[in-house]
Amino acid sequence: MKDKCIIVTGSSSGIGQSITSKLLSLGAKVIGLARDHNKSKIVNKNYKTFKVDLNDFDNLDKILKNILRENNEINGLVSNAGYGEFGSLENFSIDEIEKFISVNLTSHIVVTKCLLSHFRKIGSGDIIYMGSEAGLLGAKNGSLYCSAKFGLRGFSQSISKDV
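Residues numbered from 1 in each chain as written. Predicted model: local features only at pLDDT ≥ 70, side-chain atom pairs only at ≥ 80, totals over all residues. Heavy atoms only, no water.

Asker: When you look at the packing of helix α3 (residues 94–122) against helix α4 (residues 143–162) in this model, what are you seeing that I'm missing?
Answerer: The description of two helices packed together rests on the angle between their axes and the distance between the axes. Running from N to C, α3 and α4 cross one another at 15°; their axes reach a closest spacing of 9 Å. In terms of their interaxial angle, α3 and α4 are classed as roughly parallel. Crossing of α3 against α4: the hand is right-handed. Across the interface between the two elements, Ile97, Phe100, Ile101, Asn104, Leu105, His108, Ile109, Thr112, Leu116 and Arg120 of α3 pack against Leu144, Tyr145, Ala148, Gly151, Leu152, Phe155, Ile159 and Asp162 of α4. Classifying every residue of the contact of α3 with α4 by side-chain character gives 12 nonpolar, four polar and two charged. (Axes fitted to C-alpha atoms, helices over the stretch in contact; angles between N-to-C directions. Helix = DSSP H or I, 4+ residues; strand = E, 2+ residues; numbered from the N terminus. Parallel < 35°, antiparallel > 145°, perpendicular 65-115°, else oblique. Left-handed = near helix turned anticlockwise from the far one by under 90°. Contact = heavy atoms within 4.5 Å. Nonpolar A, V, L, I, M, F, W, Y, C, P; charged D, E, K, R; others polar.)

Asker: Sorry, what's going on with the environment of Ala134 here?
Answerer: Assignment of secondary structure puts Ala134 in the loop between β5 (126–129) and α4. A relative accessible area of 11% places Ala134 in the buried class. Separated by 47 residues in the primary sequence, Ala134 and Gly87 have C-alpha atoms spaced 14 Å apart. For Ala134, the contacting residues outside a window of four places in its chain are Tyr145, Cys146, Lys149 and Phe150. (Buried < 20%, exposed > 50% of the residue type's maximum accessible area, 1.4 Å probe, protein only.)

Asker: Would you explain the state of the cysteines in this entry?
Answerer: Throughout this description, disulfide means a covalent bond between two cysteine sulfur atoms. Under the definition given, this model contains zero disulfides. The cysteine Cys114 is free of any disulfide, with Cys5 supplying the nearest cysteine sulfur at 17 Å. (Disulfide = S-S within 2.5 Å.)

Asker: What exactly am I supposed to notice about the nonpolar core here?
Answerer: Looking at soluble globular proteins, one finds that nonpolar side chains tend to be buried together. Ranked by internal contacts, the top residues of the largest apolar core, which has 19 residues, are Ile31, Leu33 and Ile74. Listed by contribution, the elements that provide at least two residues to this core are β1 (5–9), β2 (29–34), α2 (57–70) and α3. A per-element tally of this core places α3 first, with five residues. Sequence-distant contacts of Ile74, that is, excluding residues within four places in its chain, are made with Cys5, Ile7, Ile31, Ile67, Leu68, His118, Phe119 and Ile122. Of all hydrophobic cores here, the second largest spans 13 residues; its members include Phe100, Cys146, Ala148 and Leu152. (Core = buried A, V, L, I, M, F, W, Y, C linked by side-chain atoms within 4.5 Å.)

Asker: How should the sheet that holds strand β4 (residues 76–79) be read in this particular structure?
Answerer: In a beta sheet, neighbouring strands are held together by backbone hydrogen bonds and run either parallel or antiparallel to one another. If you walk across this open sheet you meet the five strands as β3-β2-β1-β4-β5, and the pairing is parallel. Across the chains shown, the open sheet's two edge strands, defined by having one partner strand only, are β3 (47–51) and β5. Across the sheet, the mean angle from the axis of one strand to that of its neighbour is 15°, orientation sign disregarded. Of the strand pairs in this sheet, β1 and β2 are connected by five bridges, and their pairing is parallel. If you follow Cys5 over to β2, its bridge partner there is Lys29. In the packing of helix α1 (residues 14–25) onto the sheet, contacts are made with β1, β2, β3 and β4, and the angle to β1 comes to roughly 170°. (Pairing = 2+ DSSP bridges.)

Dropping the structure here:
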């Protein structure tokens, strides 16, 4: 892993923090993207953090281009950012639905779009999407979560055929 430089979205907590720690322990360099890095307990010279709101699509492309310009060695992505919301659909506002789908599905698509030309230019790039078994089978009170995970599963299958 010493030749790897990997972007991890949602690197500051939960699964993203665990993935980041593991990659660093294996010798990879990690570029961590999150809204708030204050939660993270990771201190490592090979860990660079960038404050990024993955819902801010107007600036996301610019931010990622700057990150790539400063870190041209990036050759991987662990697209992990997201959160769970469960309950009856009618209890969610339209704004809550939009934000949920934006973070849990659309942001993965946009980040991938932004990195694909870089990966093509360097001739390689590994992409891992953090999914869930909720992307295989719908569940009670899981209309939003399952929708996003089904979408992410379909996207990842399609993009793997494209690249």
